[in-house]
Amino acid sequence: MVIPTAEMQKALTRFKDLPTLPDVVARVMQIVSNPLTTAEDLNQVISLDHALTFKVLRLANSAYYGFPKEITNITQAVTILGFNTIRNLALSVSVHKMMFVEREKGLFSYRDFWKHCVAVGVCARILSRRVGYKSEENAFTAGLLHDIGKSLLERVDHAAFIACIEASRETKRALWEVEQERLGVDHAALGGRLAENWNLPGDLRGAIERHHLPGEGALDPLVASVHAADMLCRQQSLGMDGDFGPIEIAPAAMKLLRLDERAIKEVLVELEHRLKEAEEFLKFSRGA
Amino acid sequence: MADPRDEKVSELESHIETLEQINEGLRQSFEELSQLYRLSETIASALTFSRVLTLLLDVLREVVDYDAAILYLYDERSGALRPNLEKAVTPELRQRFQVQLQDGSLVWALKQGRTLVMADSGQGSWTQGVDEDDGGRAFLLVPILARGKPVGLLDLAVPSGPGSFSQRDLSLLGILANQAGISLENARLYEAVRQDYVDVIHALAGAVDARDHYTREHSNRVSLYGVAIARRLRLDEAFVEGVQFGGLLHDIGKIGIPDMILNKPGRLTDDEFQVMKGHSALGAGLLRRVESLNHLVPLVLYHHERFDGRGYPEGLSGKKIPLGARILNVADSFETITSDRVYHRARSMEEGLAEIQRCAGGQFDPEIVEAFIQCYDEIAHLRDSSRGGPA
């Protein structure tokens, strides 16, 4: 966890009315953390929300998971794709609806932004899988949600956020640095706040909070994967996240993820292929 | 107005209740951990590949009450799963198992590396009758991995609905399957090392036979005959194996005998014979230096001792000569009599048998001669089938 400075604390008070997760999803987060929960228990909670059920099933049946037969109900989805996957899908669907849906006006394209987030998720999953990380599913979700703090910034003060993006473009400095300077807080810290409020699992919260690799601290494969995926997707111009700072994967992350030029090429080839399979996640933004 | 003490009491009561729940949870966790530990230990105790697989099926029965099971092994080259073991598979169930193999579910599960539950693909659509209904039947697909690589997959038919398994049930299965994966990897390594050991022994035996032109296949035959006799005496498998390897290596000391003596045409002088007699001690000296061959030293050192005490190197007699060496002495003598040598032509099997019988109580232990006679037919057969083998 990143300890906020006094200044940041003060700035954070501007964001004290954080959006809350829908009851169904909050309940999902809670029951999946209990090891005695069964697929049927989870089914009973998710099925209360028909729209959510429909979207989760559509994603579960997408090429991204590639299960050879049709999955027709939540119980099946849980027993086949796993408890974590379904929890993460429910979470992603809800967070997208709350935080990524395009608004009428604005200079920030939520469509391109979501595209960036999906690409980072897919890429983080590939990277974490290569080093045998215990939950590649969480890497995917951490990637999807890593920039959630930007949505919050944009929603709270659109003009200020756009000004930060402009400043980043002009000075070629990292967006988070500019945010800290101008707003006293950056999107990673805000994202961490949201994650805390939503009771997200600790590893997801850590990845959201630390994806720029601030400070020394021990590096874990999930944080490193999201960080490297963020850089690779920006370099490949997959989507747009408003950041014009330097693109460089931290050496510690390169080492932990066993990346070199050749490995990166392999990852990018796989990314291109897997992104096609992840098409269903992009459809979110077309009001599906 | 409510008495504040009543509130305190009820608050305390609710605390106690919570504590009791936590305690019960901990007790259950402890019991499960103990069970898991015990089952893991059981699986880890298996040394051979097939034993690990058999134990895994037995052990899982304590965790899930399955009706039938098929264990598949993953073939890395073809990427296919092949059935290796099965338990209680009825013709009706076999069809269901078959469907999962064919429709790609099993390979998909293996790729996920995570235990998953499938609804019964029985009559009609596979999705029927599984919804909120907890009855019926399901299949648990448990991948077996070793260091993250697929080794196999366990398909279990269980008599409960797919939605009724908790995360803990599934992770318990996964942990045991992973333990089995590690054990399988160990068994594979153990079996490979073991094969290396046997190969090295054969190579060493071959080195002697290659130098001594008249003794091609000699060591191998002595080993085979010795094993036949040892089995007839109902000795345990470890002992029989000692005789097998001792037989292969009994003449290893001949590596240190000069060529002009070892391959001399005609009879050896007394001095030359003294040198030749040194081969058993030489061989024992070589084996003493190899930890894993140490147990063969007595067999090699004493294989020329005679029951009547007139052998070498120490002139031991009767039961003072180690049993393995007494067995090898009979096997070695019979093989030599019935093969061409520098100093004699091969005699017939019957002549060989007669010679062995004649020397019972003299050169040979009568009990071993008795066992030899009992398995003579088998040995004669071994002699025929190993004739003309490669040097």
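Figured I'd write up the structure that's included with this text. Along each chain, residues carry numbers from 1 onward, in the same order as the chain's sequence is written. Chain labels run from A onward and ligand labels from 1 onward, assigned in the order the entries are written. pLDDT decides what is reported in this predicted model: residues at 70 or higher carry local features, side-chain atom pairs at 80 or more are listed and counted, and totals for whole chains, interfaces and linings draw on all residues regardless. Excluded from the side-chain calculations are hydrogens and water; all other atoms, namely the structure's heavy atoms, are used.

1. Digging into the overall build of chain B
1) Next: Strands here mean DSSP runs of E at least two residues long; helices mean DSSP runs of H or I at least four residues long; both are numbered from the N terminus. What chain B contains, in helices and strands, is 15 helices and five strands.
2) Next: All radius of gyration figures rest on C-alpha atoms, and the globule criterion is 2.2 Å times the number of residues raised to 0.38. Here the C-alpha atoms of chain B give a radius of gyration of 32 Å, more than 25% beyond the 21 Å that 2.2 N^0.38 yields for 391 residues.
3) Next: Here the term buried applies to any residue with accessible area under 20% of the maximum for its type, exposed to any over 50%, and partly exposed to those in between, with areas from a 1.4 Å probe on protein chains only. Here chain B, with 391 residues, has 44% of them falling under the buried criterion.
4) Next: Restricting to contacts in chain B with at least 6 residues of sequence separation, those with at least 24 account for 62%.
5) Next: Taken as a whole, chain B presents about 20,100 Å² of accessible surface, with 53% of it coming from carbon and sulfur. Two residues qualify as a contact provided that any one of their heavy atoms is within 4.5 Å of a heavy atom in the partner residue. For every accessible area listed, the method is Shrake-Rupley and the probe measures 1.4 Å; residues are considered covered only by the protein chains on display.

2. Some points on the environment of B:A284
Residues and elements named next belong to chain B.
1) Next: Examined against the element boundaries, A284 turns out to sit in helix α10 (residues 279-288).
2) Next: Given the relative accessible area of 0%, A284 is considered buried.
3) Next: Linking A284 and D251, residues 33 residues apart in sequence, is a C-alpha distance of 9.5 Å.
4) Next: Apart from the residues within four sequence positions on either side, A284 is in contact with V297, V300 and L301.

3. Regarding the pattern of salt bridges
Residues and elements named next belong to chain A.
1) Next: In the sections that follow, a salt bridge refers to a side-chain nitrogen of Lys or Arg positioned within 4 Å of a carboxyl oxygen of Asp or Glu. Here the structure, examined in full by the defined rule, presents 39 salt bridges over all chains.
2) Next: In this structure, E177 engages R173 in a salt bridge whose closest nitrogen and oxygen atoms are separated by 3.6 Å.
3) Next: The salt bridge involving R173 is made with E181; its shortest N-O contact spans 2.7 Å.
4) Next: Of the residues examined, R173 reaches a relative accessible area of 27% and is grouped as partly exposed.
5) Next: The exposure class of E181 is exposed, given its relative accessible area of 54%.
6) Next: By sharing partners, the salt bridges in this structure join R125, R129, E136 and E137 into a single network.

4. Some details on the state of the cysteines
Here a disulfide denotes a covalent bond joining the sulfur atom of one cysteine to the sulfur atom of another.
Residue and element names in this part refer to chain A.
1) Next: Disulfides are defined as pairs of cysteine sulfur atoms found within 2.5 Å of each other. Summed over the entire model, instances satisfying the criterion amount to zero disulfides over all chains.
2) Next: The thiol sulfur of C164 is not disulfide-bonded, and the nearest other cysteine sulfur, from C117, lies at 17 Å.
3) Next: Look at C164 and you get buried, because its relative accessible area is 0%.
4) Next: Cysteine C233 shares no disulfide, and the gap to the nearest cysteine sulfur, in C123, comes to 4.6 Å.
5) Next: Using a relative accessible area of 0% as the deciding quantity, one classes C233 as buried.

5. Quick look at the layout of surface pockets
Residue and element names in this part refer to chain B.
1) Next: Detection works on a 1 Å grid of protein atoms alone, calling trapped sets that fit a 1.4 Å probe cavities and calling open sets with protein on both sides within 12 Å along at least five of seven lines pockets, with lining residues defined by an atom within 4 Å of a point. Grid points are joined across faces, edges and corners, and a volume is the space filled by probe spheres set on the points. Looking at the second largest pocket, its volume works out to about 1,200 Å³.
2) Next: Of all the elements in the fold, those that place two or more residues in the lining of the second largest pocket are α8 (259-262), α9 (270-277) and α12 (323-337).
3) Next: Considering each element in turn, the lining of the second largest pocket owes the most residues, five residues, to α12.
4) Next: All residues other than Ala, Val, Leu, Ile, Met, Phe, Trp, Tyr, Cys, Pro, Asp, Glu, Lys and Arg, Gly among them, are scored as polar; the first ten of these are nonpolar and the last four charged. For the lining of the second largest pocket, the per-class residue count stands at 12 nonpolar, 11 polar and 12 charged.

6. Structural notes on the interface of chain B and chain A
1) Next: Listed as interface residues are 23 residues of chain B and, on the opposing side, 26 residues of chain A.
2) Next: The quantity reported as buried area is the accessible area (1.4 Å probe) lost by two parts once they are put together, taken as the sum for both. Taking both partners together, chain B and chain A bury about 2,000 Å²; carbon and sulfur atoms supply 54% of that area.
3) Next: Where chain B packs against chain A, one counts one salt bridge.
4) Next: Counting of polar contacts relies on pairs of N or O atoms within 3.5 Å, with two restrictions inside protein: one atom must be capable of donating a hydrogen and the other of accepting it, and residues adjacent in sequence are counted only when both atoms are side-chain atoms. At the boundary of chain B and chain A, one finds 15 residue pairs in polar contact (both at pLDDT 80 or more).
5) Next: Tallied by class, residues from the side of chain B that touches chain A come to nine nonpolar, seven polar and seven charged.

7. Describing the packing of aromatic side chains
1) Next: Aromatic pairs are defined between Phe, Tyr and Trp rings, using the six-membered ring for Trp, whenever the two ring centres lie within 6.5 Å; interplanar angles under 30 degrees are classed as stacked, those over 60 as edge-to-face, and all others as tilted. All told, the structure shown has 18 aromatic pairs over all chains when counted by the stated rule.
2) Next: Taking 4.9 Å as the distance between ring centres and 80° as the angle between the ring planes, the aromatic pair formed by A:F67 and B:W108 counts as edge-to-face. With A:F67 in the loop between α4 (50-60) and α5 (74-81) and B:W108 in helix α4 (residues 105-112), this pair bridges two chains.
3) Next: On the accessibility criterion, A:F67 (10% relative accessible area) is buried.
4) Next: Among the residues examined, B:W108 registers a relative accessible area of 6% and is labelled buried.
5) Next: Taken together, a centroid distance of 6.3 Å and an interplanar angle of 85° make the contact between B:F334 and B:Y376 edge-to-face.

8. Overview of the sheet that holds strand β3 (residues 116-119) of chain B
Residue and element names in this part refer to chain B.
1) Next: Ordered by their spatial adjacency, five strands build an open sheet running β2-β1-β5-β4-β3, and the pairing between neighbours is antiparallel. With one partner strand each, in any of the chains shown, β2 (80-87) and β3 form the two edges of the open sheet. Neighbouring strand axes in the sheet, compared pairwise and without regard to direction, differ in orientation by 25° on average.
2) Next: At least two bridges found by DSSP between two strands are what make those strands a pair. Two strands pair when backbone bridges link them, and strand β4 (residues 138-146) and strand β5 (residues 149-158) are joined in this way by nine bridges, in the antiparallel orientation. The partner of A138 across the bridge, within β5, is V158.
3) Next: The axes are straight lines fitted to the C-alpha atoms, using for helices just the contacting stretch, and the angles between their N-to-C directions are given from 0 to 180°. Across the face of the sheet, helix α3 (residues 91-102) comes into contact with β1 (68-75), β2, β3, β4 and β5 while running at roughly 30° to β1.

9. Quick word on empty space enclosed by the protein
Residues and elements named next belong to chain A.
1) Next: Applying the stated criterion across every chain yields a total of two cavities of 30 Å³ or more.
2) Next: Empty space within the second largest cavity amounts to approximately 30 Å³.
3) Next: The element best represented in the lining of the second largest cavity is helix α14 (residues 221-235), accounting for three residues.
4) Next: Grouping the constituent residues of the lining of the second largest cavity by class yields one nonpolar, three polar and six charged.

10. Some thoughts on a nonpolar patch on the surface
All names here are of chain B.
1) Next: Patch rule: a residue counts if its relative accessible area is over 30% and it has no salt bridge; like charges are joined within 9 Å, and nonpolar side chains (Val, Leu, Ile, Met, Phe, Trp, Tyr) within 5 Å. A grouping of L19, I22 and L26 is seen on the molecular surface, where their side chains present a nonpolar patch of about 320 Å² in accessible area.
2) Next: On the secondary structure map, L26 appears in helix α1 (residues 4-44).
3) Next: What makes L26 exposed here is its relative accessible area of 54%.

11. Some details on the side chain of B:D120
Residue and element names in this part refer to chain B.
1) Next: Mapped onto the secondary structure, D120 falls in the loop between β3 and β4.
2) Next: Overall, D120 belongs to the buried group, its relative accessible area being 16%.
3) Next: Within the local environment of D120, its side chain forms a polar contact with the side chain of R96, the two groups lying 2.7 Å apart.
4) Next: Engagement of the side chain of D120 in a polar contact is seen with the side chain of R137, the distance being 3.1 Å.

12. As for the side chain of A:R87
Residues and elements named next belong to chain A.
1) Next: Structurally, R87 can be placed in helix α6 (residues 83-99).
2) Next: Comment: no salt bridge for buried R87; closest opposite-charge side chain is D203, at 5.6 Å.
3) Next: For R87, the contacting residues outside a window of four places in its chain are V28, M29, V32, N138 and P201. When charges are counted, Lys and Arg are positive and Asp and Glu negative, with His and the chain ends excluded.

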